[in-house]
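# Residue-level structure breakdown
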Amino acid sequence: MILVAQTIPWNPGPNWKPPHRRTKTLKQILSDATRTAAAGEGGTVPATGPMQTTYANIESAPSLHPAHSKKWCDITGLPAKYTDPKTKLRYADKEVYAAIRMLPPGSAERYLELRGANVVLK
């Protein structure tokens, strides 16, 4: 008895339809975004604006999503894990904490003012 491999065609069934979504490569997305930005929304007016966001540029507004709101050290700019309970300044490590404790009076308020976390009493 000789066995012969026989290929059976794939039968999708009577109700099968091809998917309507077409995937695009990154190159296609960038070219579409560039073409849309150059032509404007209607296709005739060029896109002008201070914050024209496309896939190709990075000049967009900062994210307001809570996952992206990382806390930064007020002195060094490094990611901060700790907050000084006395001055409410954020710091990254113990050397920065020692520097915060050595600050003259009033300078902690200036750092908070730079961050926008100062309290103004009227």
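Residues numbered from 1 in each chain as written. Predicted model: local features only at pLDDT ≥ 70, side-chain atom pairs only at ≥ 80, totals over all residues. Heavy atoms only, no water.

Helix and strand counts for the chain come out as three helices and two strands. Listing the helices and strands of the chain from first to last along the sequence gives α-β-β-α-α. Here the contacts in the chain between residues at least 6 apart in sequence split such that 15% fall between residues at least 24 apart. When the accessible surface of the chain is summed, it comes to about 11200 Å², and 60% of that surface belongs to carbon and sulfur atoms. (Helix = DSSP H or I, 4+ residues; strand = E, 2+ residues; numbered from the N terminus. Contact = heavy atoms within 4.5 Å. Areas by Shrake-Rupley, 256 points an atom, 1.4 Å probe, with all protein chains shown as cover.)

Attention now goes to the UniProt feature "domain: Vps72/YL1 C-terminal" (unreviewed entry) in the chain. Mapped onto the present numbering, the UniProt feature "domain: Vps72/YL1 C-terminal" (unreviewed entry) falls on residues 71-100. As annotated, residues 71-100 comprises 23% helix and 13% strand, and the C-alpha atoms at either end are separated by 17 Å. (UniProt positions renumbered as here; feature names shortened; annotations may be inferred.)

Glancing now at unusual backbone geometry. Of note, Lys88 is a non-glycine position whose phi angle comes to about 65°, a positive value. As for its placement among the helices and strands, Lys88 is situated in the loop between strand 1 (82-83) and strand 2 (90-91).

If you look at the biggest cluster of nonpolar residues, it comprises nine residues: Cys73, Ala80, Leu89, Tyr91, Ala92, Val96, Ile100, Ala108 and Leu112. Elements that contribute at least two residues to this core include exactly helix 2 (94-101) and helix 3 (107-115). When residues no more than four places from it in sequence are discounted, the contact partners of Leu89 are Asp74, Tyr82, Thr83, Asp84, Ile100, Leu103, Ala108, Tyr111, Leu112 and Arg115. (Core = buried A, V, L, I, M, F, W, Y, C linked by side-chain atoms within 4.5 Å. Buried < 20%, exposed > 50% of the residue type's maximum accessible area, 1.4 Å probe, protein only.)

Among all positions in helix 3, only Ser107, Ala108 and Leu112 are buried. Taken down its axis, helix 3 places every buried residue within 150° of arc, on the same side. Residues of helix 3 that are exposed and point over 90 degrees away from its buried face: Arg110, Glu113 and Leu114. Looking one or two residues beyond helix 3, the residue adopting positive phi is Gly116, at roughly 85°. (Arc of directions from axis to C-beta.)

The subject of this paragraph is the pattern of salt bridges. A complete count under the given rule lists four salt bridges for this structure. Ionic pairing is found between Arg35 and Asp32, a salt bridge with its closest N-O pair at 3.1 Å. Here the residue Arg35 and the residue Asp32 both occupy positions in helix 1 (residues 26-39), the gap between them amounting to three residues, near one helical turn. You can call Arg35 exposed: its relative accessible area is 52%. Between Arg115 and Asp74 there is a salt bridge whose closest N-O contact spans 3.3 Å. With a gap of 41 residues between them, Arg115 in helix 3 and Asp74 in the loop between helix 1 and strand 1 connect regions that are remote in the sequence. Residue classification places Asp74 among the buried residues on the basis of a relative accessible area of 16%. Through salt bridges that share partners, Lys24, Asp32 and Arg35 make up one connected network. (Salt bridge = Lys/Arg side-chain N within 4 Å of Asp/Glu carboxyl O.)

Here we take up the packing of aromatic side chains. One pass over the structure, following the stated rule, counts two aromatic pairs. Relative to Tyr97, the ring of Tyr91 has its centre 4.9 Å away and its plane inclined at 40°; by these criteria the two rings are tilted. When its relative accessible area of 12% is taken as the criterion, Tyr91 is described as buried. Linked through ring pairs, Tyr82, Tyr91 and Tyr97 together constitute an aromatic cluster. (Phe/Tyr/Trp six-rings, centres within 6.5 Å; stacked < 30°, edge-to-face > 60°.)

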